[in-house]
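# Fold and geometry: a report
The residues making up each chain are set out below.
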Amino acid sequence: MPDLRVNGCRLVVPDGISVAAAVAIAGETAFRHSISGEPRAPLCGMGICFECRVTIDGMAHARSCQIQVKSGMDVRTT
Amino acid sequence: MPCGPFDALVIGAGIVGAACAEELARSGLKVAICEADIVGGGATAAGMGHLTVMDDSEEQFSLTHYSQLLWNSLAPELSPEAEFLPCGALWIAADGDEMTEVGRKHSFYTSHGVTAEILDAQQLLEAEPNLRQGLAGGLLVSGDSVCYPPCVARYLIGQAKHYGAVLFQPARVVEITEAGVRLQEGNCISASLVVVATGSWARELVPSLAIRPRKGHLLITDRYPGFLHHQLIELGYLKSAHAMQSDSVAFNIQPRATGQLLIGSSRQFGSKNSTVELSLLGRMLQRAVEYMPGLPQLSAIRAWTGFRAATPDKLPLIGPCPDRPNVYLATGHEGLGISTSLATARLLADQILQRKPEIPFRPYLPERSHVHHA
């Protein structure tokens, strides 16, 4: 079972789930904030809407719904 | 709809036309502007928005330097959406030959009163940590800026209206007559003089002009604040990469006020449509990656093209149109239309109003013979 961190908190999640699912399991509801400061979260779940973007291992704007969890990942909402 | 007579009618509400309309209206003329599409929607929206002092000729320096002074006095009036960012320009030298060019440019700028600083390889990496190792150095011209031109064009049109100008939009001029202009729908607007500021489309109204559209590609990324601090331009830009004859690419990147990165550039003659050409876009990005190896990790959100109005001698056409007594030209700025828009407007108004100009306008007069077809 992959073992990762979401906003610094350690989380063990089922194999094969998306980073978006892991962020939701971690209890985060705001995946990112828009330019005007509004909270945003996954809408389409298929890589089109870009609302689910998080920072993974320091790389900003990663679409969490399109990326599978891996052990050791450091995921940050923004 | 008021149909004149106007003292001056400006065709085209790109940044050059908008600046001309503002300058003429503020000087007391009764001004009309005809825009076929939207304000600032052509090359003004497509370009990078650099406000750069150039050293490739005394004439280009004089115009860009004068215009930068005008930009710096306009900047405090602009709203945040105009994204005026005084980030400076950093010319990148890849090797020893280009470092020699850095020395030459440094002498030119400093002898002309422009602050410029030579950076060695280490200082270059400290200034821009995302550049690759092994570059030779650079020249930092800290007075250069960038802006978002369509919003500036809209501001200038607003100012022109404030001074009494009338904007006709959409209004496509199909003919310049002795009395003014005729629109596509058949209406005429009378004006004592007409200013053609339609960029690379100027030949539609004045076929004798030796202006050629020169296509360019740009790409913008998502927001990565802190990735880049200055506008970067490779020094190959002026020598090999942008030869007049063939398609070329050169590394040019800007930090935007939003944290986005705007990546250029390409130059093509002969391409008639605005399609993004993936082969050329690919070459352009490959060139950028040679300088900034971290770029492929970033997300691009949009790529587009635009058409610069290129003249054979790389100087714009500002002044009376030969053989057309009521027609003035303000076009042919190629890649420097944003930089030189404000100076263009000032020099054009100086000629129309017979005011004493602050810099000589003769080098930009359309009458210089080699600009015309035989």
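Refer to the structure printed above.
Predicted, not measured: the structure shown is a model, and the values here were computed from it. (Residues numbered from 1 in each chain as written. Chains lettered and ligands numbered in written order. Predicted model: local features only at pLDDT ≥ 70, side-chain atom pairs only at ≥ 80, totals over all residues. Heavy atoms only, no water.)

The helix and strand inventory of chain A stands at one helix and seven strands. The C-alpha radius of gyration of chain A comes to 11 Å, within 12% of the 12 Å expected for a compact globule of 78 residues. For the C-alpha atoms alone, the extent of chain A along its principal axes is close to 35 × 25 × 20 Å. Out of the 78 residues in chain A, the part that is buried amounts to 37%. Taking the contacts inside chain A whose residues are at least 6 apart along the sequence as the reference set, 36% of them involve residues at least 24 apart. Put simply, chain A shows about 4,300 Å² of open surface, and 53% of that area lies on carbon and sulfur atoms. Measuring between centres, the 8 positive side-chain charges of chain A sit 3 Å from its 7 negative side-chain charges. (Helix = DSSP H or I, 4+ residues; strand = E, 2+ residues; numbered from the N terminus. Rg over C-alpha atoms; globule rule 2.2 N^0.38 Å. Buried < 20%, exposed > 50% of the residue type's maximum accessible area, 1.4 Å probe, protein only. Contact = heavy atoms within 4.5 Å. Areas by Shrake-Rupley, 256 points an atom, 1.4 Å probe, with all protein chains shown as cover. Lys, Arg positive; Asp, Glu negative; His and termini not counted. Charge placed at Lys NZ, Arg CZ, Asp CG, Glu CD.)

Attention shifts here to the sheet that holds strand S13 (residues 231-234) of chain B. All names here are of chain B. In spatial order, the strands read S5-S6-S4-S13-S14-S15-S12-S16; together these eight strands make up an open sheet with mixed pairing. The open sheet terminates on both sides in strands that have one partner only, identified here as strand S5 (117-120) and strand S16 (300-310). Neighbour-to-neighbour, the strand axes of the sheet open up by a mean angle of 25°, direction not taken into account. As paired strands, strand S14 (residues 248-255) and strand S15 (residues 260-269) are joined by six bridges and run antiparallel to one another. Counted as the bridge partner of Ser248 is Arg267 from S15. (Pairing = 2+ DSSP bridges. Axes fitted to C-alpha atoms, helices over the stretch in contact; angles between N-to-C directions.)

Moving on, we get to the packing of helix H3 (residues 58-74) of chain B against helix H8 (residues 337-352) of chain B. All names here are of chain B. At their nearest, the axes of H3 and H8 sit 7 Å apart, and the two run at 95° to each other. The orientation of H3 relative to H8 falls into the category roughly perpendicular. On the side of H3, the interface is formed by Leu63, Thr64, Tyr66, Ser67, Leu70, Trp71 and Leu74, while H8 contributes Ile338, Ser339, Thr340, Ser341, Leu342, Ala343, Arg346 and Leu347. The residue inventory of the contact of H3 with H8, partitioned by class, reads nine nonpolar, five polar and one charged. (Parallel < 35°, antiparallel > 145°, perpendicular 65-115°, else oblique. Nonpolar A, V, L, I, M, F, W, Y, C, P; charged D, E, K, R; others polar.)

Before going further, it helps to examine the pattern of salt bridges. All names here are of chain A. In this structure the tally under the stated criterion is 24 salt bridges over all chains. Measuring nitrogen to oxygen at the nearest pair gives 2.5 Å for the salt bridge that ties Glu51 to Arg32. Here Arg32 lies in strand S3 (residues 32-33) and Glu51 lies in the loop between strand S4 (39-40) and strand S5 (53-56), a separation of 19 residues in the sequence. On the accessibility criterion, Glu51 (18% relative accessible area) is buried. Overall, Arg32 belongs to the buried group, its relative accessible area being 11%. (Salt bridge = Lys/Arg side-chain N within 4 Å of Asp/Glu carboxyl O.)

So, on to the environment of Thr198 of chain B. All names here are of chain B. Inspection of the secondary structure puts Thr198 in the loop between strand S11 (188-196) and strand S12 (212-223). In this structure Thr198 comes out as buried when scored by relative accessible area, which is 17%. With residues up to four places along the chain from it excluded, the contact list for Thr198 reads Ile11 and Gly12.

Quick look at helix H4 (residues 96-111) of chain B now. Residue and element names in this part refer to chain B. An ideal rise of 1.5 Å per residue puts 22 Å on 16 residues; H4 measures up with 23 Å between its terminal C-alpha atoms. For H4, the set of buried residues is Glu98, Val102, Lys105, Phe108 and Tyr109. Projection of H4 onto a plane perpendicular to its axis shows the buried side chains occupying an angular sector of 130°, all on one side. Facing away from the buried side of H4, by more than 90 degrees, are the exposed residues Thr100 and Ser111. Elements in contact with the buried residues of H4: H3, strand S4 (89-93), S5 and strand S6 (137-141). One side-chain oxygen of the residue at the start of H4 lies 3.2 Å from the amide nitrogen of Asp97, identifying that residue as Asp95. Remark: Gly113 follows H4 within two positions and exhibits a positive phi of approximately 80°. (Expected span 1.5 Å × (residues − 1). Arc of directions from axis to C-beta. Polar contact = N/O pair within 3.5 Å; in protein donor to acceptor, adjacent residues only side chain to side chain.)

Moving on, we come to the packing of aromatic side chains. All names here are of chain B. This model, assessed by the stated rule, comprises four aromatic pairs over all chains. Taking 5.5 Å as the distance between ring centres and 80° as the angle between the ring planes, the aromatic pair formed by Phe61 and Phe108 counts as edge-to-face. Linking Phe61 in helix H3 with Phe108 in helix H4, this pair joins segments that are 47 residues apart in sequence. With respect to burial, Phe61 and Phe108 carry one shared label: buried. Taken together, the ring pairs in this structure connect Phe61, Phe108 and Tyr109 into an aromatic cluster. The cationic tip of Lys105 hangs over the ring face of Trp91; the distance from NZ or CZ to the ring centre is 3.7 Å. (Phe/Tyr/Trp six-rings, centres within 6.5 Å; stacked < 30°, edge-to-face > 60°. Lys NZ or Arg CZ within 6 Å of the ring centre and 35° of its normal.)

This part covers the sheet that holds strand S6 (residues 59-63) of chain A. All names here are of chain A. Here five strands make up an open sheet; going across it, the order is S2-S1-S7-S5-S6 and the pairing mixed. Two strands in the sheet have a free side with no partner beyond their single neighbour: strand S2 (9-12) and S6. Mean inter-strand twist for the sheet, computed between neighbouring axes without regard to direction, equals 35°. Of the strand pairs in this sheet, strand S1 (residues 3-6) and strand S7 (residues 74-76) are connected by two bridges, and their pairing is parallel. Bridge pairing links Val6 to Val75 in S7.

Each side of the interface is counted separately: chain B has six residues, and chain A has five residues. At the boundary of chain B with chain A, total buried surface from both sides reaches about 490 Å², with 58% on carbon and sulfur atoms. The three residues of chain B that bury the most area against chain A are Asp222, Arg223 and Tyr224 of chain B, which together make up 68% of that side's buried surface. At the boundary of chain B with chain A, the tally comes to one salt bridge. The residue Arg53 of chain A makes a salt bridge to Asp222 of chain B at a minimum N-O spacing of 2.4 Å. The residue inventory of the side of chain B that touches chain A, partitioned by class, reads two nonpolar, two polar and two charged. (Buried area = accessible area lost by both parts, 1.4 Å probe.)

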